[in-house]
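Each chain, letter by letter, is given below.
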Amino acid sequence: MLNCCNRGFLKINTPEHIKNFSNFIHFFKLLHPMKLKTAILFLSFIFPFVSFSQHTHGASGGEHLCGTDSLYRLALTNPEVRKQREELEKFTQYFLENKLYEQEKDVKVIPIVFHVIHNYGEENITKAQILDVVRIINEDFKLLNADQSNVISQFQGIIGNPQIEFRLARKDPNGQCTDGITRTVSTLTFSASDNVKDLISWNTNKYLNIWVVDKIESGAGGYSYLPGTTINANYRGIVVVHSQLGSIGTSTGSNFAARTLTHEIGHFFNLMHPWGYSNEPGVSTNCSMDDDVTDTPNTIGTLLTCNLAQNTCNSLDNVQNYMDYATCAIMFTQGQVSRMLAALNSTVGGLSYLWQPSNLIATGTNDGYSTAQCAPKADFIANSTRGCAGATINFTDLSYNADVDGSWTWNWTFTGGTPATSTQQNPSITYNTPGTYNVSLTAANSTGSTTKTKTQYIKIAPIGGGENVPVAEGFENASFPSHPSDATKSWTIEGTSSVKWERTTVTSASGVACIRLRNLNIAAGNVNTFTSPNIDMTNISSPINISFKVAYAQKNNASVDKLRVLVSKNCGLTWQPRYSRIGVGLATNGGAYVATNFVPTATQWREETVSINVLANSPNAIIQFEMTSEGGNNIYIDNINITGAVGMDEQSSPVAEFQIYPNPVSYDSYISFYLKESKPVSLRVYDMIGKAVFQEDMGILPASAYDKAINETIPTLKSGVYILELNAGGVKTSKKFVVLE
Ligand SMILES: [Ca+2]
Ligand SMILES: [Ca+2]
Ligand SMILES: [Zn+2]
């Protein structure tokens, strides 16, 4: 953890920190027998160095703060890393002594690429947000930032201008057209580290790679390798969370967030924090360390404050420096610029290759390079991938790699949908027939087109069917989640991690089995669910409850795993949370931290009872257990019981006495109901596979009793069993009826 420096609030475990520090010094002495003090001085450039910027809020802290110990050790033990750091520092000293920075007159252009790693959430940020941060770093690295006038007078004279311009790549490593933004779908975005660089990395001798993620595993807001500190060239670059990227969109919008990428690029160009190589700003011992920059005053560092009179090492601190952790960073010093220019003239870390004219041509970032819009890369998302027969699902175009202009076309295909094709950008499609369907989109512009197909993407369930109340699930049948004889009564298990909910006989609250999620080794941010079959609650009224037994333990005080129970009455189109417990509130073992595989004892189960009256009278009730992993231990559930009263829930429905008589229906059957208050009313008839075969919108009806002759209302139906759904102001009530030949 020694050189894990955090941009933001620090939760360093001090004893661990000191222990590691001692280990490193000890190790260093083994390699280089010399006086400890000298060793510390040399550490600042020999030590393999990764900088961390921590998220300003919601940091996971604890053991997750710095997940790269092994990386440090690996780098430290690598002679090639030490050699590169020594080489770079030697070159930097030569560069400074000979004032070679005075010869650096031209703006250096750096090709950059943003790799957005996402799982279709808010972390899939807009191009506008990326263009905003490109604007910010270009202002900061060309000294065009308007707020430079706020630099206090004592430092006005040493403001530095790096003269560096960042341009989004227009050619990818294969010479293909790009707008400098890639998008990769992966749940690694929820617990990112160098793992996301294994998903995608462009030649780091040609591009500055910036990976944008939802969360960094260590809790940091961003991190960058200093030049020469990673032996894997694919790992050079910057990982940053979307909430600290730029000033718009999903960014928190603070100056700290908006300047995070500026700070990280400073590290990428070999700058350290002004307080030196310690990972802990604010401690007095930092006064004896330096950042190897002559004009940055010694400081112990600043933590999310902005005291312009701050004086921590017997001189005025430069708290407005981008490389400190103040909330008012607005400048580099000239000394920092000189060191960055030295690094940019060194091949260490590949930096000197980036701005060569031949590389600008290769990446499409040379002056005057212009190209047509690239062909779009097709992608899309649905507002829900589940629904009952008759559900309307909204699709959103997410195609990228080109800006939408008048030449764009969208050609959608919706197997099983109505309509079955669309040329709208964001169409809404109705699915009347139960089944599992593919969706495909071809996005085109004047340059070209690509097609994205999502197979078995939309799952439409029939109206009614499945289980009936009461439902008891004790996980005793070995076929779980499958029902041994009736597939409509099977449960489903889904999730983003490779380890998912599973039936186990390791322990149980009753019988010999239960369901568990081996959460201990699941990365934070993963979401795992198990979901009931459809439960037909037609004629089931409140009180409706679900009870279950749960067992869970935290691993440490940072374990904030969340269990929720959600209900849907439209086959999963929309969900309502009914239960949520987090971390210590979820724990059932008295709150002890368990570091190894948690298996509950008989007394470590807690029974929960949750009211789910919202499902009253729904023919399509579904219940889902959802675990969001956040660093804790295993969770177990057993003895699920769903109970309700039989009969119409007269209190909650504006409709009473809904009847079809006689039934089986004949030419003189009637539909009758009593509307207690004025409501918009519609009727829908479904066949037994759940396909909507008839629909009538009756408009807003006044409160009254209604009797409608069925042969004047519903067209002739083939013989069979049907469900008539009466929708009064959104409250649906269903009746089965039979048609005979
Ligand atoms: Ca200094
Ligand atoms: Ca059981
Ligand atoms: Zn930093």
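Here is a short report on the structure shown in this document. None of the values given here were measured: they were computed from a predicted structure. (Residues numbered from 1 in each chain as written. Chains lettered and ligands numbered in written order. Predicted model: local features only at pLDDT ≥ 70, side-chain atom pairs only at ≥ 80, totals over all residues. Heavy atoms only, no water.)

Comments concerning the overall build of the protein
What counts here: In this description a helix means any DSSP run of H or I spanning at least four residues, a strand means any run of E spanning at least two, and both kinds are numbered starting from the N terminus. Any residue under 20% of the maximum accessible area for its type is buried, any over 50% is exposed, and the rest in between are partly exposed; the area is computed with a 1.4 Å probe on protein chains only. Note that accessible areas follow from Shrake-Rupley with a 1.4 Å probe, and for residues the cover is restricted to the protein chains shown.
A tally of regular secondary structure across the protein gives twelve helices and 35 strands. Taking all 741 residues of the protein together, the buried fraction comes to 55%. Counting only carbon and sulfur atoms, one obtains 51% of the accessible surface of the protein, whose full area is about 29,200 Å².

As for the coordination of the calcium ion (ligand 1)
Inclusion rule: Only N, O and S atoms count as donors, using a 2.8 Å cut-off from the metal and 3.2 Å for Na, K and Ca, and because water is excluded some sites may appear unfinished.
On the protein side, the calcium ion (ligand 1) has Asp290 (OD), Asp291 (OD), Val293 (O), Thr296 (O) and Thr296 (OG1) as donor atoms, found 2.4 to 2.5 Å from it. Summarised as a motif, the one-chain spacing of the donors to the calcium ion (ligand 1) is D-D-x1-V-x2-T. Grouping residues by exposure puts Asp291 and Thr296 together as buried.

Observations regarding the sheet that holds strand S8 (residues 380-382)
Selection rule: DSSP-based pairing: two strands are paired if at least 2 bridges between them are found. Helix axes are fitted to C-alpha atoms over the stretch in contact, other axes to C-alpha atoms as well, and angles between N-to-C directions run from 0 to 180 degrees.
Ordered by their spatial adjacency, three strands build an open sheet running S8-S10-S13, and the pairing between neighbours is antiparallel. Both edges of this open sheet fall to S8 and strand S13 (428-431), since each of them pairs with a single strand only. Recorded for the sheet is a direction-independent mean angle of 30° between the axes of neighbouring strands. Note: strand S10 (residues 391-397) against S13, four bridges, orientation antiparallel. For Ile393, the partnering residue across the bridge sits in S13 and is Ile429.

Quick word on the packing of aromatic side chains
Basically, it comes down to this: Pairing of aromatic rings covers Phe, Tyr and Trp, the last counted by its six-membered ring, and requires centre-to-centre distances within 6.5 Å; plane angles under 30 degrees mean stacked, over 60 mean edge-to-face, and any other angle means tilted. Two conditions define a charge sitting above a ring: the NZ of Lys or the CZ of Arg must be within 6 Å of the ring centre, and it must be within 35 degrees of the ring normal.
Summed over all chains, the structure comprises 31 aromatic pairs. A ring pair is formed by Tyr431 and Tyr437, whose centres lie 5.5 Å apart and whose planes are at 25°; its orientation type is stacked. Take Tyr431: its relative accessible area is 0%, and that puts it in the buried class. Tyr437 gets classed as buried once you look at its relative accessible area, which sits at 11%. The interplanar angle of 80° and the centroid separation of 6.2 Å between the aromatic rings of Phe475 and Phe530 together place this pair among those described as edge-to-face. Residue Phe475 is found in the loop between strand S17 (471-473) and strand S18 (492-495), and its partner Phe530 is found in strand S21 (residues 527-531); the two are separated by 55 residues along the sequence. Using a relative accessible area of 0% as the deciding quantity, one classes Phe530 as buried. Among the aromatic residues, ring-to-ring pairing joins Phe475, Phe480, Trp491, Trp501, Phe530, Phe548, Tyr579 and Phe625 into one connected group. Directly above the aromatic system of Phe380 lies the positively charged group of Lys454, at a separation of 4.9 Å from the ring centroid.

Concerning the state of the cysteines
For the record, the criterion: Working definition: a disulfide is two cysteine sulfur atoms within 2.5 Å of each other.
The full count for this structure, using the stated rule, is four disulfides. Disulfide partner of Cys177: Cys374, at an S-S distance of 2.1 Å. Because the sign of the S-S torsion sets the handedness, a value of about -75° for the bond joining Cys177 and Cys374 places this disulfide among the left-handed ones. Residue Cys177 is found in the loop between strand S3 (164-168) and strand S4 (181-185), and its partner Cys374 is found in the loop between helix H11 (357-363) and S8; the two are separated by 197 residues along the sequence.

Description of the nonpolar core
Proteins that are soluble and globular tend to have nonpolar side chains buried together. The line we're drawing: Among buried residues, the Ala, Val, Leu, Ile, Met, Phe, Trp, Tyr and Cys ones that are joined through side-chain atoms within 4.5 Å form a nonpolar core.
Judged by nonpolar contacts, the single largest core of 42 residues is most densely connected at Ile110, Phe114, Phe166 and Phe269. With six residues, helix H9 (residues 334-344) is the single largest residue contributor to this core. Counting 36 residues, the second-largest nonpolar core is a separate cluster that includes Trp491, Tyr552, Tyr579 and Met627.

With respect to the environment of Pro533
We apply this condition: Contacts are residue-level and defined by heavy atoms, with any inter-residue pair within 4.5 Å sufficient.
Looking at the secondary structure, you find Pro533 in the loop between S21 and strand S22 (535-536). In this structure the C-alpha to C-alpha distance between Pro533 and Thr488, which are 45 residues apart in sequence, comes to 6.5 Å. When neighbours within four sequence positions are excluded, Pro533 is seen to be in contact with Glu467, Thr488, Lys489, Ser490, Trp491, Ala621 and Ile622.

Description of the coordination of the calcium ion (ligand 2)
Which entries qualify depends on this criterion: Tetrahedral means four donors with every angle between 85 and 135 degrees, whereas square planar (four donors) and octahedral (six donors) require angles over 155 degrees between opposite donors and between 65 and 115 for all others; sites fitting neither are termed irregular.
Surrounding the calcium ion (ligand 2) are the protein donor atoms Gly474 (O), Glu476 (OE), Ser510 (O), Ala513 (O), Asp638 (OD) and Asp638 (OD), at 2.3 to 2.6 Å. Coordination geometry of the calcium ion (ligand 2): the six donor atoms subtend angles of 51 to 158° at the metal centre, consistent with an arrangement described as irregular. Each donor residue of the calcium ion (ligand 2) lies on one chain, and together they are spaced G-x1-E-x33-S-x2-A-x124-D. Separated by 164 residues along the polypeptide, Gly474 in the loop between S17 and S18 and Asp638 in strand S28 (residues 635-646) bring together distant segments of the chain. For Asp638, a relative accessible area of 0% corresponds to the buried category.

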